[in-house]
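Here are the chains, one letter per residue:
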Amino acid sequence: MTSFTTIVPTMTAAFLGSFVEVVEAFTIILAVGISRSWRPAFIGTGLALLVLAALIVILGPLLGMIPIELLQFVIGTLLILFGMRWLRKAVLRASGFIALHDEAEAFAKETDQLKRQAAERRADFIAGTAAFKAVLLEGIEVVFIVIAVGAGRGMLGYATLGAAIACLLVLIVGLVVHKPLSQVPENTLKFVVGLLLTAFGVFWTGEGLGADWPGADLSLIAILAVLAIFSVVAVRMLRGYHSANIKAVA
Amino acid sequence: MNILRTALQELIGMFIDDGALALWSILLIGVIAAAVEFAGLPGFAGGIMLLAGCILILAESTYRAARKKSPWTTPE
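As a starting point, this report considers the structure included with it. Nothing here was measured: the structure is a model prediction, and the numbers come from that model. (Residues numbered from 1 in each chain as written. Chains lettered and ligands numbered in written order. Predicted model: local features only at pLDDT ≥ 70, side-chain atom pairs only at ≥ 80, totals over all residues.)

### Regarding the overall build of chain B
Then, number 1: Assigned secondary structure in chain B consists of three helices and zero strands.
Then, number 2: Ordered by position in the sequence, the α and β elements of chain B form the string α-α-α.
Then, number 3: The buried share of chain B, taken over its 76 residues, is 22%. (Helix = DSSP H or I, 4+ residues; strand = E, 2+ residues; numbered from the N terminus. Buried ≥ 20, exposed ≤ 12 C-beta atoms within 10 Å, placed from the backbone.)

### So, helix H4 (residues 103–116) of chain A
Residue and element names in this part refer to chain A.
Then, number 1: The end-to-end C-alpha distance of H4, which contains 14 residues, comes to 20 Å, matching closely the 20 Å that a straight helix rising 1.5 Å per residue would cover.
Then, number 2: When we look at burial in H4, the residues that qualify are Phe107, Glu110 and Leu114. Axial view of H4: buried residues confined to an arc of 70°, hence all on one face. Facing away from the buried surface of H4 by more than 90 degrees, the exposed residues are Asp112 and Arg116.
Then, number 3: Looking at the packing, one finds that the buried side of H4 touches helix H1 (4–35) and helix H5 (123–151). (Expected span 1.5 Å × (residues − 1). Arc of directions from axis to C-beta. Contact = placed C-beta atoms within 7 Å.)

### Here we look at the packing of H1 of chain A against H4 of chain A
Residue and element names in this part refer to chain A.
Then, number 1: As a packed pair, H1 and H4 sit with axes 9 Å apart at the nearest point and diverge in direction by 35°. Handedness of the crossing formed by H1 with H4: right-handed. Residues Val23, Thr27, Ile28, Leu30, Ala31, Val32, Ile34 and Ser35 of H1 touch H4, and the partners they reach there are Glu103, Ala106, Phe107, Glu110, Thr111, Leu114 and Lys115.
Then, number 2: Looking at side-chain class alone, the contact of H1 with H4 contains nine nonpolar, three polar and three charged residues. (Axes fitted to C-alpha atoms, helices over the stretch in contact; angles between N-to-C directions. Left-handed = near helix turned anticlockwise from the far one by under 90°. Nonpolar A, V, L, I, M, F, W, Y, C, P; charged D, E, K, R; others polar.)

### Some remarks on the environment of Gly162 of chain A
All names here are of chain A.
Then, number 1: Mapped onto the fold, Gly162 is located in helix H6 (residues 156–177).
Then, number 2: For Gly162, a count of 26 C-beta atoms within 10 Å translates into the label buried.
Then, number 3: In this structure, the C-alpha to C-alpha distance between Gly162 and Phe19, residues 143 residues apart in sequence, is 9.2 Å.
Then, number 4: Setting aside anything within four residues of it in sequence, one finds Gly162 in contact with Met11, Thr12, Ala14, Phe15 and Ser18.

### Observations regarding the interface of chain A and chain B
Then, number 1: Counting from both sides, the interface comprises 37 residues of chain A and, opposite them, 35 residues of chain B.
Then, number 2: Among the secondary structure elements, those contributing two or more residues to the side of chain A that touches chain B are helix H3 (68–94), H5, helix H7 (186–208) and helix H8 (218–249) of chain A.
Then, number 3: No other element matches H3 of chain A, which puts eleven residues into the side of chain A that touches chain B.
Then, number 4: Residues that form the side of chain A that touches chain B fall into these classes: 25 nonpolar, seven polar and five charged.

### Describing the nonpolar core
Then, number 1: By size, the foremost hydrophobic cluster in this structure holds 91 residues, and its most contacted members are Ala131, Val146, Leu196, Ala199 and Phe200 of chain A.
Then, number 2: A total of 17 residues in this core trace back to one element, the largest contributor, which is H5 of chain A. (Core = buried A, V, L, I, M, F, W, Y, C linked by C-beta atoms within 7 Å.)

### What about the environment of Ser231 of chain A?
Residues and elements named next belong to chain A.
Then, number 1: Within the element layout of this structure, Ser231 appears in helix H8.
Then, number 2: In this structure the C-alpha to C-alpha distance between Ser231 and Arg88, which are 143 residues apart in sequence, comes to 8.9 Å.
Then, number 3: Once residues lying within four places of it in the same chain are set aside, the contact partners of Ser231 are Leu87, Val91 and Leu195.

Laid out in structure tokens, this is it:
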């Protein structure tokens, strides 16, 4: 059964998760297009999108053949691993233990590398491969996020819509500003996505185990709140630990 | 082939960053699933234990990473 309380978190998770991945892929495509030429950028992107489409065509029908409880359990388990990885990094970033992700820096690094390879005979191929790899790898994550948050309750349509809006938005904004989207609060978004994916993971795995969550889908919001409180406390404690360390070393 | 290898590594890396975190998470899920299936643990209790376990694992993993990156920790 689909309800508003499930549709909103599903679309939000798919939208935000896809948004940060597409922003990262966009940075590389832009670096290829500006530092080399748009031809390899578009060919690489197009080929990667074809591979992703093939993946969806192959994997999509398989999902329908798996019993829903098993699907929820398996996807929930993968989501817990995937979401906790994001959340762990987000907590460490927010507390200062690992560097914040910076699109401008990623753009400069990729541009610099492509310029150094510009003299090579296969420079176009290298540039196209860079775009292909970026779109394929970030795209695989988008496909996983869409399947993971959408398949557990038969809401692939809503999840796909969330991801499609994210792609469209990045594309439009990217075309307008024509530079890396470094103004996007990517680290905060990643924190929220980590929380959402972990909450979905616990919820689906619980459902797969036969948990009759009180309030049904509303439990997802309660799980999200518990995880958010933990994360905020963890960030505060680690920030204190970080500054104490710096003072002690200084 | 290089691209395929990178894609495969990235695919694994999507789920496994800190090996201990992944291992403990899988163990936690396995133990709770077994308790629900064979020891009659109610599903809801299993769900709550799962949430609590995930938080503990995450707390341990972030604290361990912070200690490793802290300037006064002796490198192992």
